[in-house]
Amino acid sequence: MSEKMGILGRKLGMTRIFANDGSAVAVTVIQAGPCPVTQVKTAEKDGYHALQMAFDEVKEKHVTKPMRGHFVKAGVGNYRTVRELRLDGPAAVEVGQNLTVDMFSAGDTIKVTGTSIGKGYQGVMRRWNFRGINDGHGNEKVHRSGGSIGNNTFPGHVFKGKGMAGQWGAERVTQLGLKVVEVRPEDNVILVRGSVPGPKNGLVLVRKQ
């Protein structure tokens with residue numbers, strides 16, 4: 001199976017386990033798969049290599065008619081989520097085949113992609129670590145403000161990317177260099193050292209790095 005393969009899962013939360021030397025290890029519990037392959041794309045037909053996988057089986061009434069037909073064609077059940085994973089070469093799997101946590105083993109280095117926890121509208125001090133404005137005489141109710149954002153007559157506009165107050169979080173994030181501590185195929189569970197992006201029950205994509 002290709003090293004670029006991955007699997008969809010759900011972040012169940014964090015806990016700790018004890019290593020052989022008795023030390024406590026903080027881990028994230030990810031329930032991953034089984035993910036049936038619903039479509040395989042090739043460079044000859046589609047212009048690139050990819051596979052499409054589904055996750056989180058649901059009742060038929062929760063699936064649109066076009067997707068229902070797509071699942072019937074693939075010979076699988078009805079699923080809530082469908083994602084495409086690009087590959088460097090032809091897929092080593094076939095339509096209808098299940099992807100499981102067996103593709104990973106303890107010690108593997110992986111990357112996990114998810115949607116970070118949304119923190120709402122935040123000011124510049126929390127969002128960009130601005131130090132704030134001094135507390136001297138004459139400064140009233142401006143201590144946490146962003147200060148001036150303007151400039152001289154030339155170029156006469158605010159540069160793109162300027163750190164300002166705004167919505168923080170709720171964006172696609174990929175965490176690299178994570179280590180698999182344990183794989184439990186009987187429960188479709190992967191234990192990953194440390195934290196991964198997203199809230200509890202958030203959808204994640206786990207790939208080998």
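Residues numbered from 1 in each chain as written. Predicted model: local features only at pLDDT ≥ 70, side-chain atom pairs only at ≥ 80, totals over all residues. Heavy atoms only, no water.

Caption draft 1: Fine view of the sheet that holds strand S3 (residues 35–41). Spatial strand order, S5-S4-S3-S6: 4 strands in an open sheet with antiparallel pairing. Every other strand in the sheet has two partners, leaving strand S5 (79–86) and strand S6 (98–99) as the edge strands with one partner each. Relative to strand S4 (residues 50–57), S3 is paired through 4 bridges, and the arrangement is antiparallel. Looking at the pairing, Gln39 lines up with Gln52 of S4. Packed onto the sheet, helix H2 (residues 65–74) meets S3, S4 and S5 and runs at close to 90° relative to S3. (Pairing = 2+ DSSP bridges. Helix = DSSP H or I, 4+ residues; strand = E, 2+ residues; numbered from the N terminus. Contact = heavy atoms within 4.5 Å. Axes fitted to C-alpha atoms, helices over the stretch in contact; angles between N-to-C directions.)

Caption draft 2: Region of interest: the pairing of strand S12 (residues 203–208). The element S12 is largely enclosed, with a buried count of 5 among its 6 residues. Sheet topology note: the strand S1 (residues 6–18)/S12 ladder contains 5 bridges and is antiparallel. In the sheet register, Ile7 faces S12, and the bridge partner there is Val206. Here strand S7 (residues 109–115) pairs with S12 via 5 bridges, running antiparallel. Within S12, the position partnered with Lys111 by the bridge is Arg207. (Buried < 20%, exposed > 50% of the residue type's maximum accessible area, 1.4 Å probe, protein only.)

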